[in-house]
Amino acid sequence: MGSKRLLTALFLIPLLVIVVGFGSEDVFWGVLLAVIVLATNEFYSLVLPGEQRKEKILGVLLGSLLAYGIYRAENHFILGTLSFIILFLLIYFLIKFKDLNSVVPILGKLIIGIFYISLLLSHLTLIRGLPLGKEWVFFVLAVTFMGDTAAYYGGSHFGKHKLYPRISPGKTIEGSLWGFVGNIGSALIFREFFLGQLS
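Residues numbered from 1 in each chain as written. Predicted model: local features only at pLDDT ≥ 70, side-chain atom pairs only at ≥ 80, totals over all residues. Heavy atoms only, no water.

Colleague: Help me out: how do you make sense of the overall build of the protein chain in this one?
Modeller: Along the protein chain, the regular secondary structure elements total eight helices and two strands. Going from the N terminus to the C terminus, the protein chain shows its helices and strands as α-α-α-α-α-α-α-β-β-α. Each principal axis of the C-alpha atoms in the protein chain carries an extent, and together these give about 55 × 45 × 30 Å. Out of the 199 residues in the protein chain, the part that is buried amounts to 32%. Counting every atom, the protein chain has about 12900 Å² of accessible surface; 72% of that belongs to carbon and sulfur. The average position of the 16 basic charges and that of the 11 acidic charges among the side chains of the protein chain differ by 7 Å. (Helix = DSSP H or I, 4+ residues; strand = E, 2+ residues; numbered from the N terminus. Buried < 20%, exposed > 50% of the residue type's maximum accessible area, 1.4 Å probe, protein only. Areas by Shrake-Rupley, 256 points an atom, 1.4 Å probe, with all protein chains shown as cover. Lys, Arg positive; Asp, Glu negative; His and termini not counted. Charge placed at Lys NZ, Arg CZ, Asp CG, Glu CD.)

Shown next, in the form of structure tokens:
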């Protein structure tokens, strides 16, 4: 698993440097949209039954629509997109499902996927538009990757106490603490070299 992660990093890091550092706004959003689609689809594959294929596709499409609304970065457009998503889902489920008990769990999982993945990841387009936006995107990515890497190796070597087995059986309390140390350490190192104007 460690070598697989290393190979993935060796492939992804140069790609990210090119896209974030030198890609146009449209290219950056296009790559981010692809990530959102893949991540949302994976999330729904984990939480929704296999027979809910249409709902999975619907969630991915609506999440992509929300990402586009945020990419437009116009407040009224974003609010309109959010309103449309909520109303569309309510009407869709009202028409398709007659049993309210089956509607609420599926609808809730669809909405969580849209907001948890698409809404949050789409903020990278807003961050990139800030002063020193490219540096801040790299900062977010560096802190995330280093924290994840520290959590993986720390948990592999020192992990004994399970963190939340029902969600992720392999995660441990020790791994999460190593991840937190990796987050803080990488943040301080990145600031020293690339965001030196910060106090």
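Colleague: Teacher, can you tell me more about the nonpolar core here?
Modeller: Soluble globular proteins tend to pack their nonpolar side chains together in the buried interior. In terms of nonpolar packing, the biggest core is built from 19 residues, with Tyr44, Leu62, Ile85, Leu89, Phe93, Leu110 and Ile114 touching the most fellow members. If you list the elements that add at least two residues to this core, you get α2 (25-47), α3 (53-72), α4 (75-96) and α5 (100-121). Per-element accounting of this core gives the leading share, six residues, to α5. Excluding anything up to four places from it in sequence, Ile114 contacts Tyr44, Gly59, Leu62, Gly63, Leu66, Ile85, Leu89 and Leu119. Of all hydrophobic cores here, the second largest spans eleven residues; its members include Val19, Val20, Ile36 and Leu141. (Core = buried A, V, L, I, M, F, W, Y, C linked by side-chain atoms within 4.5 Å. Contact = heavy atoms within 4.5 Å.)

Colleague: Sorry, what's going on with the pattern of salt bridges here?
Modeller: Close approach of charged atoms lets side chains of opposite charge pair. Overall, the coordinates contain one salt bridge when judged by the stated rule. As a salt-bridge pair, Lys96 and Glu55 come within 2.7 Å of each other at their nearest N and O atoms. Of the two residues, Lys96 is situated in helix α4 and Glu55 in helix α3; the sequence distance between them amounts to 41 residues. On the basis of relative accessible area, Lys96 is assigned to the partly exposed category, the value being 38%. (Salt bridge = Lys/Arg side-chain N within 4 Å of Asp/Glu carboxyl O.)

Colleague: Looking at this model, I keep getting lost on α4. Mind explaining?
Modeller: Three or four residues apart is the spacing at which side chains of an α-helix point the same way, because the helix has 3.6 residues per turn. Look at α4: 32 Å from first C-alpha to last across 22 residues, which is about the 32 Å you get at 1.5 Å a residue. Within the span of α4, buried status applies to Ile78, Thr81, Ile85, Leu89 and Phe93. In an axial view of α4, the angular spread of the buried residues amounts to 80°, which keeps them on one side of the axis. Opposite the packed face of α4, turned more than 90 degrees from it, sit the exposed residues Asn75, His76, Leu79, Leu87, Leu94 and Ile95. On its buried side, α4 packs onto α3 and α5. (Expected span 1.5 Å × (residues − 1). Arc of directions from axis to C-beta.)

Colleague: What is the right way to read the confidence of the model for the protein chain from this model?
Modeller: The share of residues in the protein chain with pLDDT of 70 or more is 99%, and the mean pLDDT across the chain is 90. Within the protein chain, helix α8 (residues 173-194) carries the highest mean pLDDT (95), whereas helix α1 (residues 2-22) carries the lowest (83). (pLDDT = per-residue confidence, 0-100.)

Colleague: Even after reading the chapter, I still don't get the packing of α4 against α5, so can you show me in this structure?
Modeller: If you want to describe how two helices pack, look at the angle between their axes and the distance between the axes. Two elements in contact, α4 and α5, have axes separated by 11 Å at closest approach and are oriented at 160°. In terms of orientation, α4 lies roughly antiparallel with respect to α5. Crossing hand, α4 versus α5: right-handed. Every residue of α5 that contacts α4 at Leu82, Ile85, Ile86, Leu89, Leu90 and Phe93 is listed here: Val103, Ile106, Leu107, Leu110, Ile111, Ile114 and Phe115. Each residue belonging to the contact of α4 with α5 can be placed in one class, and the counts come to 13 nonpolar, no polar and no charged. (Axes fitted to C-alpha atoms, helices over the stretch in contact; angles between N-to-C directions. Parallel < 35°, antiparallel > 145°, perpendicular 65-115°, else oblique. Left-handed = near helix turned anticlockwise from the far one by under 90°. Nonpolar A, V, L, I, M, F, W, Y, C, P; charged D, E, K, R; others polar.)

Colleague: What exactly am I supposed to notice about the packing of aromatic side chains here?
Modeller: To describe a pair of aromatic rings, you give the distance between the ring centres and the angle between the ring planes. Overall, the coordinates contain 15 aromatic pairs when judged by the stated rule. Pairing Phe88 with Tyr92 gives two aromatic rings, centres 6.5 Å apart and planes at 10°, and the pair type is stacked. Here Phe88 and its partner Tyr92 are both found in helix α4, four residues apart, which amounts to about one turn of the helix. Taking relative accessible area as the criterion, Phe88 reaches 33% and is therefore assigned partly exposed. (Phe/Tyr/Trp six-rings, centres within 6.5 Å; stacked < 30°, edge-to-face > 60°.)

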